[in-house]
Amino acid sequence: MRLSGEILLISCYELGHQPLHLATLQSLLNRAGYLPLPVDTALETLNDEAIAGARFVALSVPMHTALRLGEQVARRIRERNPQAFICLYGLYALLNADYLLQNTIIDAALGGEYEEPLLALINALERGDAQPSTPGVKTRWRESGPWMQRAPVVLPDRARLPTLARYAHLEMDGEAVLAGYSETTRGCKHTCRHCPITPVYHGRFFAFPAEIVLSDIRAQVAQGARHITFGDPDFFNGPTHAMRIVRALHQEFPTLTFDATIKIEHLLMHQRLLPELRELGCAFVVSAVESLNGDVLMHLAKDHSRDDVVRAFALMAEAGIPLRPSLLPFSPWETLESYLDLLTFFEEHHLIEHVDPVHFSIRLLLPPGSSLLETPEEKPWLGELDAAAYTYRWRHPDPRMDSLQREIAALVEQAQVSRQQPVVTFFQIKALALQACGRLANTARARKRYGQGKVLPHLSESWFC
């Protein structure tokens, strides 16, 4: 499989970022003497000629949306080129492999530190092994869990990907800024029960060498990037490592800005670093707040409280860094009253603009292997696995919550299409929540009192899975 295009690398969705997982694998295979063809179907057309010429296809699935799109692409490839060997790699590959393997949509799935097993799989196929038994590779004929040995260190090759100008950008001070994407670590040392990282990495994480990260960022700056998103599940999993990188980055590119995802617990633990983060160019921080309901936070094993969230917002405001929370407001333990309390919190603290409206609509996903399925308490809300949807079905104990979630999801989708102001969308959401409670839903006075709100730095594509 040494001819150009005999190996096809496909990314379907990486949150609007230029796909790092494609660039890394491209570099690894190039070094091994292969000439893969990378295609980002979020922006590029996967034509029939490319499909017909492929002997091996690797689809990157680092998130739920990527998996849904990836299945569609895999089905199309299977139909047009039945002999091609198709594999999935990335965070969501193993979680849903059984359904995809049983239906012959794919031939293999790789999770964890996938690079070395994937290269070994290609080597085995190239030698003529029709049913390779490669460690770290799950197939119909061989079981395997995630590969947890450190991946080979390579500098991502972005040369054949679409230019950064075609991807998500930073919107700050009325300007659209070209944005790049990098990661300093993979995995996470935390084990939040709802997180898809937990059943794959089980509290482990791997750091990428600082010079590799910096070299990759240099390459993106050369493409015009003036902002970098650090996509680590938690930038402060290794705070010394993270700070070493952003200090070096600021010294070399003093005007470059960045954003990162940091756990509430770590913002409090490492609060002394927050003013320096701002000085080094941090434009904003994303943090998985999820809920303010103590029962929800306990079930999700978030290791923070409502008071911790209040304190984190205060510390970030003092440091001059906007905190942009991600939320999971629809779970079996959230109540209608606690959902209204969540909305009231952001309204009364004048923080509505900090939240992308889509986060007020997010519903819990329960993929196969989710740690929430392993908890000992009874789960009367839990239904059967819907393998084709990659999740267990569940019903909220209060049917009003399920109805409200559907209404808010539809509202937010329409608001995004019409580019409605987030503050306007927020009060429409609150009106729906009040109606669900049977309470007066006239929010016009509250909206007028709140005002137009401020515009904070944000990416042009919202953060969610």
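First things first, this report covers the structure right here in the doc.

What counts as what
- Residues numbered from 1 in each chain as written.
- Predicted model: local features only at pLDDT ≥ 70, side-chain atom pairs only at ≥ 80, totals over all residues.
- Heavy atoms only, no water.
- Pairing = 2+ DSSP bridges.
- Helix = DSSP H or I, 4+ residues; strand = E, 2+ residues; numbered from the N terminus.
- Contact = heavy atoms within 4.5 Å.
- Axes fitted to C-alpha atoms, helices over the stretch in contact; angles between N-to-C directions.
- Expected span 1.5 Å × (residues − 1).
- Buried < 20%, exposed > 50% of the residue type's maximum accessible area, 1.4 Å probe, protein only.
- 1 Å grid on protein atoms, 1.4 Å probe; cavity = no way out; pocket = protein on both sides within 12 Å on 5 of 7 lines; lining within 4 Å.
- Points joined across faces, edges and corners; volume = space filled by probe spheres on them.
- Nonpolar A, V, L, I, M, F, W, Y, C, P; charged D, E, K, R; others polar.

### Describing the sheet that holds strand β6 (residues 169–172)
Sheet strands line up and pair through hydrogen bonds in the backbone, either parallel or antiparallel. Strands sit in the order β13-β12-β11-β10-β7-β6-β16 across an open sheet of seven strands; the sheet is mixed. Each of the sheet's edge strands pairs with one partner strand only, and the pair in question is β13 (323–327) and β16 (458–459). Bridge count for β6 against β16 is two bridges, and the pairing is antiparallel. Residue L170 lies in a different strand from β16, and its bridge partner there is L459. Packed onto the sheet, helix α12 (residues 306–319) meets β12 (282–290) and β13 and runs at close to 150° relative to β13.

### Brief notes about helix α5 (residues 115–126)
End to end, α5 covers 17 Å across twelve residues, agreeing with the expected 16 Å (1.5 Å per residue, within 8%). All of the buried residues in α5 are E115, P117, L118, L119, L121, I122, A124 and L125. Of the residues one or two after α5, G128 is the one with positive phi, at around 100°.

### A look at the layout of surface pockets
Here the second largest pocket defines a volume of roughly 730 Å³. If you list the elements that add at least two residues to the lining of the second largest pocket, you get β6, α14 (399–417), α15 (422–436) and β16. Looking at the lining of the second largest pocket residue by residue, the class counts come to nine nonpolar, ten polar and seven charged.

### So, the side chain of T184
As for its placement among the helices and strands, T184 is situated in the loop between β7 (175–182) and β8 (185–187). Excluding residues that lie within four positions of it along the chain, T184 makes contacts with F206, A207, F208, V213, F230, D232, F235, H241 and I245.

### A word on the sheet that holds strand β2 (residues 37–40)
Taken in spatial order, the five strands line up as β2-β1-β3-β4-β5 in an open sheet, and their pairing is parallel. Looking at which strands have only one partner, the edges of the open sheet turn out to be β2 and β5 (108–110). Strand-to-strand twist in this sheet, taken as the mean axis angle between neighbours without regard to direction, amounts to 20°. Looking at chain direction, strand β4 (residues 85–89) and β5 are connected through three bridges and run parallel. The residue bridging Y89 from the neighbouring strand is L110, located in β5. Along the sheet, helix α1 (residues 20–31) makes contact with β1 (7–11), β2, β3 (56–60) and β4, crossing β1 at roughly 160°. In this fold helix α3 (residues 64–80) packs onto β1, β3 and β4, with an angle of close to 165° to the strand it touches most, β3.

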